[in-house]
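Summary of the model geometry
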Amino acid sequence: MRIAQDWAQPCPNPNCPYHNQFHGGNIIAQSTYETQSGRRRIFKCTHCGQLFSETRHTVFYDLRLPEETVMLVLKLCLVAVSLSGISFAVGVQEETILRWLQRAAAQAERVNAHLLQEVDVSKVQLDELWNFVARKQAETAQANGEASEESADGRHWVWLSYAPDYCLLLATVVGPRTLNNAQRLIQQTAAVVQGVPCFFSDGFSCYFTALRGCYQQVIRFPRTGKRGRPRKDRIEPHPQRVYAQLVKEKRNGRLQSLRVQVKCGAERLKQLGLTVSTSLVERLNLTLRTAIAPLVRKSPSFCKQPQRLQHRVVFFHAFYNLVRPHMSLRRPLQDDSSDAPRFHTQYEQRTPALAAGLTDHIWSFRELLTAKLPAHHSQSTSG
Ligand SMILES: [Zn+2]
């Protein structure tokens, strides 16, 4: 008996009971058509009769240019080539590139939401790197480093939370240096990790407030049945909460001293035997500055809108976790079959998502742009 092929395509018709369902056995290949990038399939949902192309709901839907050009342009966006540079070299208008970046960001967000779930991490490093959006001047920050809300169109930060266990980027936020954004970063991180990891950051005060708000427990007192007002619920800090700061003291821009300040959970931190460090997330800052053109220091190619920087950061987030093998995650291959001396050690390359067990392979760039995934009900952050 011939078994119908499972095309791993969901029905795109929102009125169909099979909408966004995978492996339902309702999708058949109907026909093919020629594009500039080769032959593509048309599928049909046998339940509702909807016809759709294999590129529907991917970055490559309804393109006028070959897929190879789109992939080249999007790759150049990840190696710090400016928008005008790409436009000149590839011959594509800047507005078109921005549109592709927006699509890539929406796709990357779906991929992140689908894969980043229940990540088992022991520690999380937090950091922010500054950047200008729209104008190259800033309101002065308050004494504790928190920005005033008016700076919303000037100085912007890229907020990062990072799991050094697997070099995995857990969450990113783009916005001014405010408590609200610190809370967004902590909440997004808490949503993708298992349990309560230890948090480490620099001396920025807003994280502690944000962590206190996110990791807490409500103590409810049972009704006693006696007369009088019942006892009110009490909010207590989560017993497993650990937060430590690495406070840098600088004079004239030079580092004078480093001091560890454990803000809560000193006992658990001691039991776990973890070292307070933010060095890896700070190294990641450098990676971002050499990958995303508007983040390159002293470059004139800053973003004109915060949303555009957001698109680039979200796209980089998925690319970094899934596509790019990380040098420090590679493992030497043991090959005992030959006694011949080997001059170069052979390595098995791994990506952060592979090391964290979130996927079983290194994703290709095309796969990142075309993967169709079950719908995930998360709040959208890219426009
Ligand atoms: Zn259908």
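Residues numbered from 1 in each chain as written. Predicted model: local features only at pLDDT ≥ 70, side-chain atom pairs only at ≥ 80, totals over all residues.

1. Quick look at the overall build of the protein
- Of the regular secondary structure elements, the protein holds 10 helices and 13 strands.
- Every one of the 383 residues in the protein was classed for burial, and the buried ones make up 33%.
- Long-range contacts, defined as pairs at least 24 residues apart, comprise 62% of the intrachain contacts of the protein with a sequence gap of at least 6. (Helix = DSSP H or I, 4+ residues; strand = E, 2+ residues; numbered from the N terminus. Buried ≥ 20, exposed ≤ 12 C-beta atoms within 10 Å, placed from the backbone. Contact = placed C-beta atoms within 7 Å.)

2. Some words on the sheet that holds strand β2 (residues 38-45)
- Reading across the sheet, the three strands line up as β1-β2-β3 and stay open at both edges, with antiparallel pairing between neighbours. Looking at the sheet topology across the chains shown, the edges are occupied by β1 (27-35) and β3 (51-53). Across the sheet, the axes of successive neighbouring strands diverge by a mean angle of 30 degrees, strand direction being ignored.
- Across three bridges, β2 lies against β3 in antiparallel orientation. Opposite I42, over in β3, you have S53 as the bridge partner. (Pairing = 2+ DSSP bridges. Axes fitted to C-alpha atoms, helices over the stretch in contact; angles between N-to-C directions.)

3. Here we look at the pairing of β1
- Taken together, the eight bridges between β1 and β2 define a ladder with antiparallel strand orientation. Counterpart to T32 in the pairing with β2 is R41.
- Between β1 and the antiparallel strand that follows it, β2, lie two residues.

4. Overview of the pairing of strand β5 (residues 155-163)
- Counting buried positions over the nine residues of β5 gives nine, a clear majority of the element.
- With burial as the criterion, each face of β5 is covered, one bearing R155, W157, W159, S161 and A163 and the other bearing H156, V158, L160 and Y162.
- The sheet contact formed by β5 and strand β6 (residues 168-175) spans seven bridges and is antiparallel. Bridge assignment links V158 to a residue of β6, and that residue is V174.
- What sits between the antiparallel neighbours β5 and β6 is a turn of four residues, in which C167 has the positive phi angle 55 degrees.

5. Quick notes on the environment of L333
- Structurally, L333 can be placed in the loop between β12 (331-332) and β13 (347-348).
- For L333, a count of 9 C-beta atoms within 10 Å translates into the label exposed.
- Each C-alpha atom of the pair L333 and Q349 lies 9.7 Å from the other, and the pair is 16 residues apart in sequence.
- Not counting residues up to four positions away in its chain, the partners in contact with L333 are Q346, Y347 and E348.

6. A word on the nonpolar core
- Membership of the largest hydrophobic core comes to 76 residues, with the highest contact counts inside it found for A104, V119, L168, L170, F199 and F315.
- Here this core gets nine residues from one element, more than from any other, and that element is helix α8 (residues 306-322).
- If near-sequence neighbours (up to four positions away) are discounted, L168 is found in contact with V119, A163, N321, P352, A353 and A356.
- Counting residues in hydrophobic clusters, the runner-up holds five residues, among them C11, F43, C45 and F52. (Core = buried A, V, L, I, M, F, W, Y, C linked by C-beta atoms within 7 Å.)

7. A word on helix α4 (residues 179-192)
- Over its 14 residues, α4 runs 20 Å from end to end, which matches the ideal 20 Å to within 8%, given 1.5 Å per residue.
- Every buried residue of α4 is accounted for by N181, A182, R184, L185, I186, Q188, T189, A190 and V192. (Expected span 1.5 Å × (residues − 1).)

8. So, helix α1 (residues 67-76)
- Inspection of α1 places E67, V70, M71, V73 and L74 among the buried residues, and these make up the whole buried set. Looking straight down α1, one finds that the buried residues subtend no more than 165 degrees of arc, so they occupy a single side.
- Against the buried residues of α1 lie α2 (83-91), α3 (94-115) and α10 (365-370). (Arc of directions from axis to C-beta.)

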